[in-house]
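# Architecture and fold: a report
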Amino acid sequence: MSKLENMIEMNEVNKWYGDFHVLKDVNLKVKKGERVVICGPSGSGKSTTIRCMNRLEPFQEGQIMINGLELTEDVKRIREVRTHVGMVFQHFNLFPHLSILENLILAPTWVGKKPRKEAIETAMHYLERVKIADQADKYPNQLSGGQQQRVAIARCLCSNPDIMLFDEPTAALDPEMIGEVLDVMTELADDGITMVCVTHEMGFAKKVADRVIFMDAGQIVEENEPNEFFDNPQSDRLKMFLEQILDH
Amino acid sequence: MKTHKKARQKEVAFYNNPENRAIIYQVLALAGIFIFTYFILNNMFENIEKRGINTGFDFLSSEAGFGILQSLVAYDESDSHGKVFLVGLLNTILVSVIGIIFATIIGLLVGIGRLSKNFMVSKLSMIYVETFRNIPILLQILFWYNVVLASLPSPRQSISFFDSIFFNNRGLYIPRPILESGFTAVIIAFIIAIASVIYLKKWATKRHDETGEDFPLFWVSIGILIAAPTLVFLLSGMPATLEIATLKGFNFKGGWTLIPELLALAFALSIYTATYIAEAVRAGIEAVPKGQKEAAAALGLKDSTILKKVVLPQALRVIIPPVINQYLNLVKNSSLATAIGYPELVTVFSGTSLNQVGQAIEIILMTMAVYLTLSIIISILMNYLNSRMQIKER
Amino acid sequence: MAIYEKLEAKPAPQGTKGIVHWVKENLFPSVLSSILTIISFYILYITIPPLLDWMIFDATWSGTKEEITKDGARWIFIFEKFNQFIYGFYPEELYWRPNLALVIFVAYIIAFKRVNVKLKAFIIISFPIITYTLVAGGFGLEHVETEKWGGLLLTIIVASVGIVASFPIGILFALGRQSNMPIIKTISVLYIEFIRGVPLITLLFMSSVILPLFFPEGMDFDKLLRALIGITLFQAAYIAEVIRGGLQAIPKGQYEAADAMGLSYWQSMGLIILPQALKISIPNLVGSFISLFKDTTLILIIGLFDILAMVTLTNSDTNWLGFETEGYVFVTMIYWVICFSMSKYAKSIEDKFNTDHK
């Protein structure tokens, strides 16, 4: 098993907020092309875990490797790692003062140093993939939540990342718009991109995930392939959690 | 029976009809105002006549007969009250411009300082704001004038810098540049420098669009703006001399004098207004949601790029309106110069001229008109800026 | 497929918490930051100790003027002139009257929250009458002319009257500006924009010099009254804008619901809209009051003797020349304490609101 087959490697990662131990001995390896879903109660550390992967959160102990690069405190290294990792946020975080098109070409022109024309071509290509090319000249606040999230996904893709991280991407959407975003994410998965997704959307997990991980109180409690995970939970805490979310 | 009902319905319909009511109220309001105004004006004209006060604006061309401490244009006692108005207005503009420049610089620094991660810097910034915001501006002006500047040494024992700048209780004396004819070349060089910076910006943007390459525009521009005029200045044999203030007897002659009244007013206005500007800057930067910085960082953008392209554009939209409002406040507060005798518009025109001429109504209304005009111009400017900057919504 | 044992929380490692870590993170995280820290400490070093020396350690706290030996603040001047700073020229034997008014004021404030509406109205109506009688005279109490009012007493009176009188006028203009009737709206807009566009000092000049001309001769206009009118009209315009902000924050649905219930304009305003608008505006209203309190200093320019004017005045006593610095410092401290307390109070109200509404 060559080193590069693991896109993401988290070894014995521990994180504290002051005295509060938020991540306890997190060990996680994600292979290239693998699709991993992380779920768990709020406060379990699942968002914190993926935010450590692109160093939006620092960590005190342990080691994180992204595509063979070790994630250190060095600012240049952090930026380099971030060019390999795309992140989709719960609240989209599109830049409201720029048009959709300008949102997408910002990183390619200023980080990737691409000429403007080329960046626009790439941007339009991805806008078409997420089926929103006709809105290219509109501004984020003129779009619906679902549209904004699709744009956010396209914005990540323009930087050609190896890994896509999703932090509860549908949690802030009205129910009728969740489907359009999950569809885009499913298509992405089919294309072979490595994905780590924090979500409660069980249907999506069952359909797309290779592996589902359950976190609680800062540590990984159980992991399994989706069908076994949902139909046959082993640990008590997972059983309790599934009962709570499936009760609706 | 029926006719009764009909009649009553018609009556009710008239003055209970909201539209008619609105008209009635407005007519009453207007009538009230007219009656009140008539009453006032009637008394006013009677009183004016009784006291022998003139009316009309003829006084503007009559001789003023008093000296003014500092004037940007030539003025002496034989000039008219109209000239007094002009001198006062120019002095208001002078102190306001100085105040605005320093208030902005201090306000920016303190506002950004409040957000600093350095504990000492952020705490000191907060202490600055809390201290100077809670002391009335008039008190600050009087304090600077009567306590700080008054305790400076006499001219013979001035505090001096580089043997050419002198600070004492009569004011701040700085060298006056005397420009010779060759200096025009330097001015031309400066104008050319500005033009090249503008052109340079266009070129850098185009280059970035085509190749993605970055260009250190800011530093290069500063370099050009400083180097070009300086080079021309040196090459053309330094066509300017400095007239340094020299002590003759008990006082200084020559050079430029910044009188203590001006200094006290400028210090107080800058320091006081800076507290409000600092708060506006802080609020503006904090108004940008944290997620914006995170998303930009997650895309791999450098901190300086994030600031330039994501944070500042959004922050400035929130910062600029209140800051412009504060500039207006500063100009209005400059009128407090009356308390220390700095000869700006209110002091000389609504003060001394009014005492001489007695035509309070014309004079005070003229003074108010100046500030009102400025207010309206600023309002229009603000509305224009706001509509241009607005973030487009559904 | 894997399940894991529950792990216990471990304490954070040394070096990531504790005082040493805090100092490193917050004071010396980088070279530039460390330089700033050092400069900050230097600034404190050159300002705080000399200030403390002057104000406390080297200051003269007792004795007579002739016995002064130390270099610092000569607070005996303030002690000597204290009554003038606080009461102005008010007759000393009658000090009990404004003091009583203050006690009643505090008592009213404490009682205000705990009483029902009828008593609240009684308080609001009786308070001005009682205070005015106590301070000015009437009902058997000796009359004290307004020329004798001065110092902190005058400052508080002007500020209080200003805020109380400007409040209803401000509400009217705020409603007027929102009105659908074009004339009323225009009058309100013109008034508000005019007042807000000119400096307060010009309005005070206007009310002090021009106002008497508007009324038949012989109608003697008390100097204080002229200042109060100027300040009230000034403040009313600013209050109007604050309340207008509050009114605009009320959802349209509230107006519609009130109309749907058949309430008249004044009923819906008084019972539904204004209570909400005023509540939202409270933090800004307190801010407005703080500004007004600071602005009362301007009355010294038109010849009234507020606490700031007393500094120059007490300094002209030939026995006590040259004590201006102590006077200014004393007045600065009083203003700072009062304004700072009010702004902290406003902030605490604002915080309470932010936790109330979710």
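Calculation notes
Residues numbered from 1 in each chain as written. Chains lettered and ligands numbered in written order. Predicted model: local features only at pLDDT ≥ 70, side-chain atom pairs only at ≥ 80, totals over all residues. Heavy atoms only, no water. Helix = DSSP H or I, 4+ residues; strand = E, 2+ residues; numbered from the N terminus. Rg over C-alpha atoms; globule rule 2.2 N^0.38 Å. Buried < 20%, exposed > 50% of the residue type's maximum accessible area, 1.4 Å probe, protein only. Contact = heavy atoms within 4.5 Å. Areas by Shrake-Rupley, 256 points an atom, 1.4 Å probe, with all protein chains shown as cover. Lys, Arg positive; Asp, Glu negative; His and termini not counted. Charge placed at Lys NZ, Arg CZ, Asp CG, Glu CD. Pairing = 2+ DSSP bridges. Axes fitted to C-alpha atoms, helices over the stretch in contact; angles between N-to-C directions. Parallel < 35°, antiparallel > 145°, perpendicular 65-115°, else oblique. Left-handed = near helix turned anticlockwise from the far one by under 90°. Buried area = accessible area lost by both parts, 1.4 Å probe. Salt bridge = Lys/Arg side-chain N within 4 Å of Asp/Glu carboxyl O. Polar contact = N/O pair within 3.5 Å; in protein donor to acceptor, adjacent residues only side chain to side chain. Nonpolar A, V, L, I, M, F, W, Y, C, P; charged D, E, K, R; others polar. Disulfide = S-S within 2.5 Å. Expected span 1.5 Å × (residues − 1). Patch = residues over 30% accessible without salt bridge, like charges linked within 9 Å, V, L, I, M, F, W, Y side chains within 5 Å. Core = buried A, V, L, I, M, F, W, Y, C linked by side-chain atoms within 4.5 Å. Bend = angle between axes of the 7 residues up to and from the residue. Phe/Tyr/Trp six-rings, centres within 6.5 Å; stacked < 30°, edge-to-face > 60°. Lys NZ or Arg CZ within 6 Å of the ring centre and 35° of its normal.

### Notes on the overall build of chain B
Per the secondary structure count, chain B includes 12 helices and 8 strands. At 29 Å, chain B has a C-alpha radius of gyration far larger than the 21 Å of a compact globule built from 394 residues. In terms of overall dimensions, chain B has a C-alpha envelope of 105 × 70 × 45 Å along the principal axes. Each of the 394 residues in chain B was classed as buried or not, and the buried ones make up 40%. Of the contacts formed within chain B by residues at least 6 apart in sequence, a portion of 66% connects residues at least 24 apart. Just so you have it, chain B exposes about 21700 Å², and 67% of that area is on carbon and sulfur atoms. Once the 33 positive and 25 negative side-chain charges of chain B are each reduced to a mean point, those two points are 12 Å apart.

### Structural notes on the sheet that holds strand β3 (residues 171-174) of chain B
All names here are of chain B. Here 4 strands make up an open sheet; going across it, the order is β1-β2-β3-β8 and the pairing antiparallel. Two strands in the sheet have a free side with no partner beyond their single neighbour: β1 (159-161) and β8 (256-258). With strand direction ignored, the average angle separating the axes of adjacent strands in the sheet is 15°. Direction of pairing for strand β2 (residues 165-168) relative to β3: antiparallel, over a ladder of 3 bridges. Each residue of the ladder has a partner; that of Phe166, found in β3, is Tyr173.

### What about the packing of helix α10 (residues 252-260) of chain C against helix α11 (residues 265-295) of chain C?
All names here are of chain C. Relative orientation of the contacting elements α10 and α11 amounts to 165°, with a least axis distance of 10 Å. By the angle class used here, α10 and α11 are roughly antiparallel. The two elements α10 and α11 meet at a crossing, and its hand is right-handed. For the pair α10 and α11, the contacting residues are Gln254, Tyr255 and Ala258 in the first and Ser268, Met269, Ile272, Ile273 and Gln276 in the second.

### A few points about the interface of chain B and chain A
Residue-level contacts link 30 residues of chain B with 30 residues of chain A. A buried area of about 2800 Å², summed over both sides, lies between chain B and chain A, and 60% of it is on carbon and sulfur atoms. Taken together, the links from chain B to chain A amount to 1 salt bridge. Here Glu294(B) ties to Arg51(A) by a salt bridge, and the two come within 2.7 Å at their closest N and O atoms. Across the chain B-chain A interface, the total number found is 5 residue pairs in polar contact (both at pLDDT 80 or more). In the side of chain B that touches chain A, the residues fall into 9 nonpolar, 8 polar and 13 charged.

### Considerations on the state of the cysteines
Residues and elements named next belong to chain A. Enumeration over the complete set of coordinates arrives at 0 disulfides over all chains. Of the cysteine sulfurs around Cys39, a residue in no disulfide, the closest is that of Cys197, at 10 Å. Free cysteine: Cys158, not disulfide-bonded; nearest cysteine sulfur from Cys156 at 9.1 Å. According to the relative accessible area criterion, Cys158 is buried, its value standing at 10%.

### So, the pairing of strand β2 (residues 20-31) of chain A
All names here are of chain A. Alignment of strand β1 (residues 6-17) against β2, held across 8 bridges, turns out to be antiparallel. Within β2, the residue paired with Glu9 across the bridge is Lys29. Remark: 2 residues form the turn of the hairpin made by β1 and β2, two consecutive strands paired antiparallel; Gly18 in that turn has positive phi of roughly 65°.

### Details of helix α7 (residues 217-235) of chain B
Helix length check: α7(B) (19 residues) gives 26 Å between terminal C-alpha atoms against 27 Å at 1.5 Å per residue, within 8%. Among the residues trailing α7(B), Gly237(B) stands out with phi positive, at a value near 80°.

### Comments concerning the environment of Asp58(C)
All names here are of chain C. Along the polypeptide, Asp58 turns up in the loop between α2 (31-57) and α3 (76-87). Asp58 sits 14 residues away from Gly72 along the chain, and the two C-alpha atoms are 4.5 Å apart. Apart from residues lying up to four places away in sequence, Asp58 is in contact with Asp53, Lys70, Asp71, Gly72 and Ala73.

### Here we look at a positive patch on the surface
A cluster of basic residues, Lys113(C), Arg114(C), Lys279(C) and Lys352(C), forms a positive patch on the protein surface. Assignment of secondary structure puts Arg114(C) in the loop between α4 (96-112) and α5 (117-136).

### A word on the sheet that holds β1(A)
Spatially, 4 strands are ordered β2-β1-β4-β5 (chain A) in an open sheet, and the strand pairing comes out antiparallel. Since the sheet does not close on itself, it has two edges, and those belong to β2 and β5 (69-70) of chain A, each with one partner.

### Regarding the nonpolar core
The nonpolar side chains of a soluble globular protein tend to be buried with one another. Counting residues in each nonpolar core, the largest one holds 192 residues, and the members touching the most others are Met53(A), Tyr90(C) and Trp149(C). No other element matches helix α9 (residues 223-249) of chain C, which puts 12 residues into this core. Dropping the residues within four chain positions of it, Tyr90(C) is found in contact with Tyr95(C), Arg97(C), Pro98(C), Leu134(C), Val135(C), Val144(C), Lys148(C), Trp149(C) and Leu153(C). By size, the runner-up hydrophobic cluster in this structure holds 50 residues, among which are Leu104(A), Leu127(A), Met164(A) and Ile178(A).

### What to know about helix α10 (residues 303-333) of chain B
When the terminal C-alpha atoms of α10(B) are compared, their 39 Å separation across 31 residues is substantially less than the 45 Å that a helix rising 1.5 Å per residue should span. Remark: the principal bend of α10(B), roughly 45°, maps to Val311(B), with a proline, Pro313(B), within the next four residues.

### Thoughts on the packing of aromatic side chains
Ring pairs (aromatic) are described by centroid distance and by the angle formed between their planes. The full count for this structure, using the stated rule, is 30 aromatic pairs over all chains. Relative to Trp22(C), the ring of Phe119(B) lies with its centre 5.0 Å away and its plane at 70°, an arrangement referred to as edge-to-face. Of this pair, Phe119(B) sits in helix α4 (residues 119-133) while Trp22(C) is found in helix α1 (residues 18-27), placing the two residues in two different chains. For Trp22(C), a relative accessible area of 39% gives the class partly exposed. Taking the centre distance of 5.2 Å and the plane angle of 85° together, the rings of Tyr265(C) and Trp266(C) count as edge-to-face. For Trp266(C), a relative accessible area of 55% puts it in the exposed group. Among the aromatic side chains, those forming a connected cluster through ring pairs are Trp54(C), Trp61(C), Trp75(C) and Phe79(C). In this arrangement the basic side chain of Arg155(A) is found over the ring face of Phe95(A), its NZ or CZ atom lying 4.6 Å from the centre. The ring of Phe323(C) has Arg74(C) lying over it, and the distance from NZ or CZ to the ring centre is 4.1 Å.

Take it as geometry only, folks, not as evidence of what the structure does.
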